[in-house]
Amino acid sequence: MESSEFIKEKIGNFNPEIAIVLGSGLGELADEYTDIAIPYAEIPGFIKSTVKGHKGRLVFADIAGKKVVMMQGRNHFYEGHTLGEITYPIKVLKKLGVKTIILTNAAGAVNESFAPGDLMLITDHINCMGQNPLIGANDDTLGERFPDMTEIYKQDLLNIAKTCAKNLNINIKQGVYLANSGPSYETPAEIRMARLFGADAVGMSTVPEAIVANYCGLKVLGISCISNAASKAGGTALSHEEVIETTNKAKVKFKELILEIIKHI
Ligand code: HPA
């Protein structure tokens, strides 16, 4: 309540309906709309973002006639925060009146038909982080103790996103996103395991946020920017620089798609 009251004071009667969490290398979308920007560091209860390629602020903007709030940068489990801490902003977005949330990330391809630079709509996820963000006392005002997770990534949003991609001539993939804690990238054996599990892409974020968003009644759309082929025997070594570089190349397409989706939500 303290966090959302603080934000409401800054944004006045701007009532955001759509939230977007911008992942690694994808934060630039928010740079064009800096009228109302609040650094996480100023918001009571928020933690600062520390990862390279992440800015760490909330940006509020009118986009295509919609009231949008963007999280430019996110915090990660691998930085040493708890899942409760990193998903706290999602609960605050809910308190601000957000109805739909678009979660984005950079991810490694597990599906061998995916190539770096591809965009993938998340149809479902697998939580391999070894923890759940809802562990602890339940806040009944937000959601139930044992929330259903059958359709986190809403089919109507997936349909909108697919139509938008088609209209823009973007060849969009879809698949299952598997989250590991990181910060180490996967071994070849771990990628084979992810494939056996039914995953198409692998990353270190999004899943905790998706669980909490679904728990508190937000509709979720998830989009991965495939930044690399995940580890494979005989493949080249993977670096964070490569991940940022590829997402940078895909960001024009990504931006176009996001703007089109916002129009149609
Ligand atoms: N593995 C895990 N996280 C990632 C990757 C990957 O290959 N690429 C971008 N984030």
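Going by the structure above, here's the rest.
Please read these numbers as outputs of a predicted model, since none were measured by experiment. (Residues numbered from 1 in each chain as written. Predicted model: local features only at pLDDT ≥ 70, side-chain atom pairs only at ≥ 80, totals over all residues. Heavy atoms only, no water.)

Student: Quick question: what am I supposed to make of the nonpolar core here?
Tutor: Soluble, globular proteins show a tendency: their nonpolar side chains are buried together. Formed by 46 residues in total, the largest nonpolar core has its most connected members in Ile7, Leu58, Phe60, Leu93 and Ile101. The element that contributes the greatest number of residues to this core is helix α5 (residues 207–215), accounting for six residues. Those residues in contact with Phe60 that lie beyond four places of it in its chain are Ile7, Ile11, Phe14, Pro16, Tyr33, Ile36, Ile38, Val68, Val69 and Leu96. Among the nonpolar cores identified, the runner-up in size contains 31 residues, and Leu22, Leu221, Ile223 and Ile258 belong to it. (Core = buried A, V, L, I, M, F, W, Y, C linked by side-chain atoms within 4.5 Å. Buried < 20%, exposed > 50% of the residue type's maximum accessible area, 1.4 Å probe, protein only. Helix = DSSP H or I, 4+ residues; strand = E, 2+ residues; numbered from the N terminus. Contact = heavy atoms within 4.5 Å.)

Student: So what exactly am I meant to see when it comes to the packing of aromatic side chains here?
Tutor: When we look at a pair of aromatic rings, we describe it by the centre distance and by the angle of the planes. Using the criterion set out here, one finds three aromatic pairs in the structure. Ring centres 5.8 Å apart and planes at 80 degrees place the aromatic pair Phe14 and Phe60 in the edge-to-face group. Taken as a pair, Phe14 in the loop between α1 (2–11) and β1 (18–22) and Phe60 in strand β3 (residues 57–63) lie far apart in primary sequence, 46 residues in all. There is no split in this pair, since Phe14 and Phe60 are both buried. (Phe/Tyr/Trp six-rings, centres within 6.5 Å; stacked < 30°, edge-to-face > 60°.)

Student: Would you mind going over a nonpolar patch on the surface with me for this structure?
Tutor: Judged by side-chain polarity, Met193, Leu196 and Phe197 come together as a nonpolar surface patch covering roughly 350 Å² of accessible area. Residue placement: Met193 occurs in helix α4 (residues 188–197). (Patch = residues over 30% accessible without salt bridge, like charges linked within 9 Å, V, L, I, M, F, W, Y side chains within 5 Å. Areas by Shrake-Rupley, 256 points an atom, 1.4 Å probe, with all protein chains shown as cover. Salt bridge = Lys/Arg side-chain N within 4 Å of Asp/Glu carboxyl O.)

Student: Explain the pairing of β3 here, please?
Tutor: On a regular strand, one side chain projects to one face of the sheet and the next to the other, so that they alternate. For β3, a buried count of six out of seven residues is recorded, marking the element as mostly surrounded by other parts of the structure. Inspection of the sheet shows strand β2 (residues 36–39) paired to β3 by four bridges, in the antiparallel sense. Within the sheet, the bridge partner assigned to Ile36 lies in β3 and is Phe60. With seven bridges joining them, β3 and strand β4 (residues 66–72) adopt antiparallel strand pairing. Across the sheet, the residue bridging to Asp62 is Lys67, located in β4. Between the antiparallel neighbours β3 and β4 lie two residues, among them Ala64 with a positive phi of about 50 degrees. (Pairing = 2+ DSSP bridges.)

Student: Looking at this structure, how should I read the packing of α1 against helix α2 (residues 83–95)?
Tutor: Think of two packed helices as two axes; the pair is described by the angle between the axes and how far apart they sit. Viewed as axis vectors pointing N to C, α1 and α2 meet at an angle of 55 degrees, and their least axial separation amounts to 9 Å. As judged from the angle between their axes, α1 and α2 are oblique. Regarding α1 and α2, the two cross each other, and that crossing is right-handed. Judged by residue contacts, Ser3, Ser4, Ile7 and Lys8 of α1 engage Tyr88, Val92 and Lys95 from α2. (Axes fitted to C-alpha atoms, helices over the stretch in contact; angles between N-to-C directions. Parallel < 35°, antiparallel > 145°, perpendicular 65-115°, else oblique. Left-handed = near helix turned anticlockwise from the far one by under 90°.)

Student: Would you mind showing me how to read the site of the ligand here?
Tutor: Around the ligand, a shell composed of Ala106, Ala107, Gly108, Tyr185, Glu186, Val202, Gly203, Met204, Ser227, Asn228, Leu238 and Val243 is seen. Side-chain polar atom of Glu186 to a nitrogen atom of the ligand: 2.7 Å apart, as the coordinates give it. Burial of the ligand by the protein chains amounts to 95% of its free accessible area of 260 Å². Of all the elements in the fold, those that place two or more residues in the shell around the ligand are β5 (100–109), β8 (201–203) and β9 (219–229). Sort the elements by how many residues they give to the shell around the ligand and β5 lands first, with three residues. In the shell around the ligand, the residues fall into seven nonpolar, four polar and one charged. (Near = heavy atom within 4 Å. Polar contact = N/O pair within 3.5 Å; in protein donor to acceptor, adjacent residues only side chain to side chain. Nonpolar A, V, L, I, M, F, W, Y, C, P; charged D, E, K, R; others polar.)

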